[in-house]
Each structure stands twice: as structure tokens, then as C-alpha cells.
Amino acid sequence: EDAPSVTDLKLRSVMCVPLTTYRQTFGAIYVENRSQADVFEDDDLIPLTYFAAQAAVFIENALLNADLEAQVKVRTAELSAAKQSLPETQRIAQWGSWEFDVTTQEIKWSEENFRIAGLDVRDTVPTYKEYLATLHPDDRHLFEASLENSIAEGMSYEIELRHLRPDGSYNH
């Protein structure tokens, strides 16, 4: 009653409830009346307390969402930088990568896969059957077994295969 904020504003009735979650307090909800004294009763705090609890959760969620959005932005930038350096890294390591759509059997190759196979990167990616034909006959079973196991188990694999190059030689 004697607080300067109450007397200076000529407040007659005041209710205040903290905006609190189990993690932290964000502020308070403040309800005032300047025309009448004793407008608010103890029972009036119950709905205000419920409202404050919900408002605090909404505020906390908004802050968490903003934090997550910022993290996503940073991770996206990191991923973009890694993606840009991947072709050069694969070239230096002489290591290619590819994607295989199980449903359509469509294959996508990295630039290094084309180089390893002795093909121009502007060439069309071979179909699955065409790709199998480029493998050394002794490596085909290993490749197909590794791919089938990867699809069935959802696991990655790493194998070295010999590829038939356009000049008739096999690379290692």
C-alpha cells in the first residue's frame, strides 16, 4: 500500500502474479484498479494464477523456439559450407559417393564417381543395371550383397570396387 509505485499512480486495488515455469521467472502479470479500493479478492488470484502459468509456458516456448531457430540457422550454414567443400575433399581422397533411390532405382553420382569411372561429369549417370555392368565380375556379388544388407538393415557400408573404364581397363 505504501509503495511509491502504488501511491504515485494513485492505485486503489492491485493484483500481481509472477510469470513462472519450473525453469525460471519471466516477469509478472499486474492488474490494477485506480477508481475503487478492495476490488480484488483472494479468489480473483486463482484464475490470474492459471493464466500466468499458461502465459509463462507460452513465453518459455517462444524463447526456446527462437533459440532452436538460431541453432538451425548456424547448423544450416555449417552444412552448406561442408557441402561446398565435399567435391574437393572427395577429389583429394579419390573417394566418390552416390545415392540410390530404392523405389525408382535412380542413381545420383558425385563428381568424383564420374572421374573414378573414367567418365565425363556431363555424361548421364548410368542406370543401376548399367552400373553393375561396369563392375569387375568378381566385385558384383560383393556390391549387391552390401547394398541389399544396407537396405534391409538401414546401415551404411564401405567397400572398394574395381570399375571398368571406357578404355577397357579396371581401376582399383
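See the structure above.
Residues numbered from 1 in each chain as written. Predicted model: local features only at pLDDT ≥ 70, side-chain atom pairs only at ≥ 80, totals over all residues. Heavy atoms only, no water.

Within the chain, the secondary structure is distributed over 5 helices and 4 strands. Ordered by position in the sequence, the α and β elements of the chain form the string α-β-β-α-β-β-α-α-α. Compactness check: the chain gives a C-alpha radius of gyration of 33 Å against a globular reference of 16 Å for 172 residues, more than 25% above the reference. The buried share of the chain, reckoned over its 172 residues, is 22%. Here the chain displays about 12900 Å² of accessible surface, and carbon together with sulfur accounts for 54% of that area. The averaged location of the 30 negative side-chain charges in the chain is 8 Å from the averaged location of its 15 positive side-chain charges. (Helix = DSSP H or I, 4+ residues; strand = E, 2+ residues; numbered from the N terminus. Rg over C-alpha atoms; globule rule 2.2 N^0.38 Å. Buried < 20%, exposed > 50% of the residue type's maximum accessible area, 1.4 Å probe, protein only. Areas by Shrake-Rupley, 256 points an atom, 1.4 Å probe, with all protein chains shown as cover. Lys, Arg positive; Asp, Glu negative; His and termini not counted. Charge placed at Lys NZ, Arg CZ, Asp CG, Glu CD.)

So, on to the pairing of strand β1 (residues 13-20). Bridge count between β1 and strand β2 (residues 25-33): 8 bridges; the pairing is antiparallel. Note on β2: the bridge partner recorded for valine 14 is glutamate 32. Where β1 hands over to β2, the hairpin turn is made up of 4 residues, counted between the paired strands. (Pairing = 2+ DSSP bridges.)

Before going further, it helps to spend a moment on the pattern of salt bridges. A side chain with one charge may pair with a side chain of the opposite charge, provided their charged atoms come close. Here the structure, examined in full by the defined rule, presents 6 salt bridges. With a shortest N-O distance of 3.8 Å, glutamate 60 and arginine 23 are connected by a salt bridge. Here glutamate 60 is found in helix α2 (residues 45-93), whereas its partner arginine 23 is found in the loop between β1 and β2, with 37 residues between them in sequence. Residue classification places glutamate 60 among the buried positions, given a relative accessible area of 9%. (Salt bridge = Lys/Arg side-chain N within 4 Å of Asp/Glu carboxyl O.)

As a further point, take unusual backbone geometry. Positive phi values are uncommon outside glycine, yet aspartate 38 reaches one of about 55 degrees. As for its position among the elements, aspartate 38 is in the loop between β2 and α2. Of note in the backbone geometry, glutamine 105 takes a positive phi value of approximately 60 degrees without being a glycine.

Summed over the entire model, instances satisfying the criterion amount to 8 aromatic pairs. Residues tryptophan 109 and phenylalanine 114 carry aromatic rings whose centres are separated by 5.1 Å and whose planes lie at 70 degrees to one another, so their mutual orientation is edge-to-face. Of the two residues, tryptophan 109 and phenylalanine 114, neither departs from the other in class, the shared state being buried. Centroid distance tyrosine 131 to phenylalanine 143: 5.3 Å. Interplanar angle 70 degrees. Geometry classified as edge-to-face. Taken together, the positions of tyrosine 131 in helix α4 (residues 128-134) and phenylalanine 143 in helix α5 (residues 137-153) put the pair 12 residues apart, joining distant regions of the chain. (Phe/Tyr/Trp six-rings, centres within 6.5 Å; stacked < 30°, edge-to-face > 60°.)

Purely geometric numbers; function is a separate question.
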